[in-house]
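Here is how the chains run, residue by residue.
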Amino acid sequence: AVVSTQSTGAQGQQVTVKYTLMLATGKIVDDNVELTFQLGDGEAIDALDLSANLAKVGEIYEVTSQSRFAYGTLGRPPTIGPSCAVLMVVEVLQSEETPSVSDMTEKERIRIGDRKRRIGNYHFARFDYERASKNYRGACNFLDPPSYKLSDSSVSDELRDLQAKTWCNLAFSELKQEKSEPGIVAANRALEIDPFSTKALYRKGKLYEQKGELEEAEKALKMAVKVDPESQGCKAYLAELTKKIANQKKKQQRMYKKMFNLEE
């Protein structure tokens, strides 16, 4: 339990902690790990996020957590099994306001945005697509905020690359959750930044197919093949879509003939 309930943190603040994580058996999994994360934004496991919000800077506390506030039914292979409870000893080293995006330098935006993107990649790799999407969206808030929030709208090559990667990853994560509409929005933004991204075009095609709009999917794949004629994956998927569209049209024709008693 947290020793003191006097809160010094608030959602959105940047908190730096040092923690040791153990299993219920006492086996140490992480020892004296330093971690910086934004409170309430899905960057840390819930047990750490919620408890750090209640602790004071300089405080050392213990928190015991059921699996649903830690690593859930997936666990964290190979060290933490599915549905495992954990014990954490945490020291809060620092807590500070997260600067407004408009007050940040590009370097600061990249530091926070890329951290969130990498956390999103971690969750994607463990099939936690909901948390992956949350972190990708959080990353985009720093990497690609609306232009009216920025005093300088110029973009370095490094930032542009991270913007395109993160939106493209978000599109894939939404695809995995069968959220075609927000996925298409993410893919389109990735393509606004990098119109020649075959990865974004491919994922856009998959999202449109998931939505049931095969012609739109075919358009995306035709563009992908135009950008990279050597891509075997894009060419194979385009051929698959073209075949599905032809079969769909044949089924429609048969249905119409049956409806109106027309001769074959």
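Here we summarise the structure given alongside this text. All of these numbers come straight from a predicted model, not from anything done at the bench.

What counts and what doesn't
Residues numbered from 1 in each chain as written. Predicted model: local features only at pLDDT ≥ 70, side-chain atom pairs only at ≥ 80, totals over all residues. Heavy atoms only, no water. 1 Å grid on protein atoms, 1.4 Å probe; cavity = no way out; pocket = protein on both sides within 12 Å on 5 of 7 lines; lining within 4 Å. Points joined across faces, edges and corners; volume = space filled by probe spheres on them. Helix = DSSP H or I, 4+ residues; strand = E, 2+ residues; numbered from the N terminus. Nonpolar A, V, L, I, M, F, W, Y, C, P; charged D, E, K, R; others polar. Pairing = 2+ DSSP bridges. Axes fitted to C-alpha atoms, helices over the stretch in contact; angles between N-to-C directions. Polar contact = N/O pair within 3.5 Å; in protein donor to acceptor, adjacent residues only side chain to side chain. Contact = heavy atoms within 4.5 Å. Buried < 20%, exposed > 50% of the residue type's maximum accessible area, 1.4 Å probe, protein only. Lys, Arg positive; Asp, Glu negative; His and termini not counted. Salt bridge = Lys/Arg side-chain N within 4 Å of Asp/Glu carboxyl O.

1. Regarding the layout of surface pockets
Next up, step 1: Reported here for the largest pocket is a volume of approximately 470 Å³.
Next up, step 2: Every residue lining the largest pocket is counted, 23 residues in all, and those nearest its centre are I45, A70, Y71, Y122 and H123.
Next up, step 3: For the lining of the largest pocket, the leading source of residues is helix α2 (residues 106-125), giving four residues.
Next up, step 4: Each residue belonging to the lining of the largest pocket can be placed in one class, and the counts come to eleven nonpolar, four polar and eight charged.
Next up, step 5: If you trace the second largest pocket, you find 17 residues lining it, with V101, G138, N141, F142 and K149 closest to the centre.
Next up, step 6: With five residues, helix α3 (residues 129-143) is the largest single contributor of residues to the lining of the second largest pocket.
Next up, step 7: Here the lining of the second largest pocket is built from residues that sort into seven nonpolar, five polar and five charged.

2. Looking at the sheet that holds strand β2 (residues 28-38)
Next up, step 1: Judged by pairing direction, the sheet is antiparallel, and its four strands sit side by side in the order β2-β1-β4-β3 without closing on themselves. Only two strands of the sheet have a single neighbouring strand rather than two, namely β2 and β3 (60-65). The mean angle between the axes of side-by-side strands here comes to 25 degrees, regardless of whether they run parallel or antiparallel.
Next up, step 2: Bridge count for strand β1 (residues 14-23) against strand β4 (residues 86-96) is ten bridges, and the pairing is antiparallel. Its bridge partner lying in β4, L21 is registered against M88.

3. Digging into the side chain of D144
Next up, step 1: Within the fold, D144 resides in the loop between α3 and α4 (157-176).
Next up, step 2: Within the local environment of D144, its side chain forms a polar contact with the side chain of W167, the two groups lying 2.8 Å apart.
Next up, step 3: Within the structure, D144 has its side chain in polar contact with the side chain of R189 (distance 2.7 Å).
Next up, step 4: With residues near it in sequence (within four places) discarded, D144 still touches R109, Q163, W167, R189 and I193.

4. Remarks on the environment of A85
Next up, step 1: When you line up the elements, A85 lands in the loop between β3 and β4.
Next up, step 2: On the basis of relative accessibility, which here comes to 34%, the residue A85 falls in the partly exposed class.
Next up, step 3: When the C-alpha atoms of A85 and Q66 are compared, they prove to be 4.5 Å apart, with 19 residues separating the residues in sequence.
Next up, step 4: If we skip the residues at most four places from it in the chain, A85 touches L23, A24, S65, Q66 and S67.

5. Looking at the side chain of E59
Next up, step 1: Mapped onto the elements, E59 comes out in the loop between α1 (46-52) and β3.
Next up, step 2: Look at E59: it is buried, it has no salt bridge, and the nearest opposite charge is K56 at 5.5 Å.
Next up, step 3: A distance of 2.9 Å separates a polar side-chain atom of E59 from the backbone nitrogen of K56.

6. Comments concerning the pattern of salt bridges
Next up, step 1: Summed over all chains, the structure comprises 18 salt bridges.
Next up, step 2: In this structure, R76 engages D30 in a salt bridge whose closest nitrogen and oxygen atoms are separated by 3.0 Å. In this pair, R76 is assigned in the loop between β3 and β4 and D30 in strand β2, connecting sequence segments 46 residues apart.
Next up, step 3: Look at D30 and you get buried, because its relative accessible area is 12%.
Next up, step 4: A cluster of three or more residues bridged by salt bridges with shared partners is formed by D41, E43, R115 and K116.

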